[in-house]
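Residue-level structural notes
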Amino acid sequence: MRNVSYNNDIRTVLTLDAGGTNLVFSAVRSNKEIVEPVTLPTHADNLDKCLANIVAGFEAVIKNCKNKPAAISFAFPGPADYVNGVIGDLPNLPAFRGGVALGPYLKEKFGIPVYINNDGDLFAYGEAFAGVLPDINAHFKKIGSHMRYNNLFGITLGTGSGGGIVRNGELFLGDNGASAEIWVIRNKKYPECFSEEGVSIRAVKRSYRLFSGDKAEYTPKDIFEIAEGTRKGDAAAAKAAFAELGDIAGNQIANVSTVVDGIVVIGGGLAAAHKYFMPALIAEMNGKIACYDGRGEVDRMESKAYNLEDAKDAERFYKGGSVLVKIPGSNKEVVYNKDKKIGVAISKLGTSKAVAVGAYSFALNEIDKTGAAKK
């Protein structure tokens with residue numbers, strides 16, 4: 001990955017956390033929030049009022065910034081043409097139905113570049129620039145290994161299942177801005193359904209009801225506490241609910257990893273329960289898949305997956321892998337990556353911070369590619 005870091009960059013980027021109820025505005029500089037956030041109501045069903053509050057929110061933040069912002073960059077929930085900044089039909093923001101050119105509108109209002117992306121994309125980008133990826137490469141450098149990773153796949157597990165792909169320091173958006181839409185990958189256990197039905201908050205709640213027979217309403221936090229034994233309930237069923245999530249998520253990730261071939265980082269509210277779903281997730285990634293004509297099985301992936309949250313597995317991931325071999329007839333040596341490995345880690349930044357850092361880094365990277373001077 002390109003050796004780029006915005007930890008000490010003096011430019012300021014305005015950000016927005018857009019929800020169906022509230023709009024939360026802030027500003028980021030050197031990957032840190034530098035103002036007190038401003039919260040305004042969304043007015044989800046009234047476009048004029050919603051746009052007015054978006055403008056008012058950014059104006060309020062600008063007043064608290066010491067220097068002129070370099071850009072606006074944020075995630076917006078739901079389907080959109082992110083490349084062109086046009087927001088499409090959103091279930092929780094009906095005012096945008098039919099398509100609203102929000103990015104161009106804000107660019108005209110403030111006279112600075114505007115970047116809108118999916119939150120899964122920005123989560124991955126934040127972890128690639130300031131989270132899991134540089135942390136892993138720093139550890140390889142520390143132990144004297146020649147191995148370095150340049151690609152990352154990020155997945156969030158929460159209300160839904162989102163994803164993002166970073167390749168050599170660039171966010172891979174696809175021609176339609178629809179890359180890494182992993183939520184619609186076929187569900188391994190229920191193939192008539194999409195995989196998000198098995199890896200989301202509603203999935204854990206449904207699985208626990210099914211396995212325990214308890215019809216009461218529990219949150220994933222409740223179910224985690226039941227698994228831990230700190231709350232009354234069926235601990236075996238709670239653990240099984242998270243294990244099923246891990247099995248289905250492992251299939252999602254294995255499908256993507258056969259194409260992306262990079263570090264995997266997991267975020268979202270359900271990531272806190274990784275001790276109960278990671279073993280099943282890694283087992284699925286390292287499992288077998290059958291040949292059609294009964295010739296046996298082959299590995300699910302060409303690379304082996306390692307749980308970087310497990311100390312022993314992490315040690316195996318960092319050990320070996322990359323060595324130097326001589327060029328025949330020469331005294332020169334080249335790196336030989338003899339072991340193909342994929343590390344799977346939980347977010348180091350936390351999902352919200354990773355999205356904010358991703359929004360900041362994405363904006364500055366896009367500006368730098370145009371040759372714009374730093375301010």
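Here's a quick rundown of the structure. (Residues numbered from 1 in each chain as written. Predicted model: local features only at pLDDT ≥ 70, side-chain atom pairs only at ≥ 80, totals over all residues. Heavy atoms only, no water.)

With respect to the overall build of the protein chain
Along its length, the protein chain carries eleven helices and 18 strands. Here the protein chain has a C-alpha radius of gyration of 22 Å; the compact-globule value for 375 residues is 21 Å, and the two agree. In terms of overall dimensions, the protein chain has C-alpha extents of about 70 × 60 × 40 Å along its principal axes. Relative to its 375 residues, the protein chain shows a buried fraction of 49%. Put simply, of all contacts in the protein chain between residues at least 6 apart along the chain, 62% involve residues at least 24 apart. (Helix = DSSP H or I, 4+ residues; strand = E, 2+ residues; numbered from the N terminus. Rg over C-alpha atoms; globule rule 2.2 N^0.38 Å. Buried < 20%, exposed > 50% of the residue type's maximum accessible area, 1.4 Å probe, protein only. Contact = heavy atoms within 4.5 Å.)

Some thoughts on the pairing of strand E5 (residues 71–75)
Burial within E5 is extensive, with five of its five residues counted as buried. Bridge count between strand E1 (residues 12–18) and E5: three bridges; the pairing is parallel. Residue pairing in the sheet places Asp-17 in a bridge with Ala-75 of E5. Sheet analysis places E5 next to strand E8 (residues 114–117), joined by four bridges and oriented parallel. Bridge pairing in E8 places Phe-74 opposite Ile-116. (Pairing = 2+ DSSP bridges.)

Some thoughts on the sheet that holds strand E9 (residues 151–157)
Taken together, six strands build an open sheet; the order of strands is E11-E10-E9-E12-E18-E15 and the sheet is mixed. The two strands at the open ends of the sheet, each matched to only one other strand, are strand E11 (170–171) and strand E15 (304–307). Lying over the sheet, helix H3 (residues 119–130) contacts E9, strand E10 (161–167), E11 and strand E12 (263–267), oriented at roughly 45 degrees with respect to E10. Helix-sheet contacts for helix H10 (residues 311–318) involve E12, E15 and strand E18 (341–346), and the interaxial angle to E15 is about 135 degrees. (Axes fitted to C-alpha atoms, helices over the stretch in contact; angles between N-to-C directions.)

Notes on the pattern of salt bridges
All told, the structure shown has 22 salt bridges when counted by the stated rule. In this structure, the salt-bridge partner of Glu-217 is Lys-205, at a minimum N-O distance of 2.6 Å. Taken as a pair, Glu-217 in the loop between helix H6 (201–212) and helix H7 (220–228) and Lys-205 in helix H6 lie far apart in primary sequence, twelve residues in all. Taking relative accessible area as the criterion, Glu-217 reaches 55% and is therefore assigned exposed. (Salt bridge = Lys/Arg side-chain N within 4 Å of Asp/Glu carboxyl O.)

Section: helix H4 (residues 132–142)
All of the buried residues along H4 are Val-132, Leu-133, Ile-136, Asn-137 and Phe-140. Taken down its axis, H4 places every buried residue within 125 degrees of arc, on the same side. Facing away from the buried side of H4 by more than 90 degrees, the exposed set consists of Lys-141 and Lys-142. Looking at the packing, one finds that the buried side of H4 touches H3, E9, E12, H10 and E18. (Arc of directions from axis to C-beta.)

Description of the nonpolar core
Counting 41 residues, the largest nonpolar core has Phe-153, Ile-266, Phe-277, Leu-281, Met-285 and Val-344 as the members making the most contacts within it. Those elements that provide at least two residues to this core are E9, H6, H7, helix H8 (235–260), E12, helix H9 (274–285) and E18. The leading source of residues in this core is H8, at eleven residues. Beyond its immediate stretch of four places on either side in the chain, Ile-266 contacts Phe-123, Ile-155, Leu-157, Ile-253, Ala-271, Phe-277, Met-278, Leu-281, Val-344, Ala-345, Ile-346 and Ser-347. Counting 40 residues, the second largest nonpolar core, distinct from the first, contains Ala-124, Tyr-125, Val-132 and Leu-171. (Core = buried A, V, L, I, M, F, W, Y, C linked by side-chain atoms within 4.5 Å.)

Digging into the side chain of Asp-9
Mapped onto the elements, Asp-9 comes out in the segment before E1. Note on Asp-9: relative accessible area 5%, which makes it buried. Within the local environment of Asp-9, its side chain forms a polar contact with the side chain of Arg-11, the two groups lying 2.8 Å apart. (Polar contact = N/O pair within 3.5 Å; in protein donor to acceptor, adjacent residues only side chain to side chain.)

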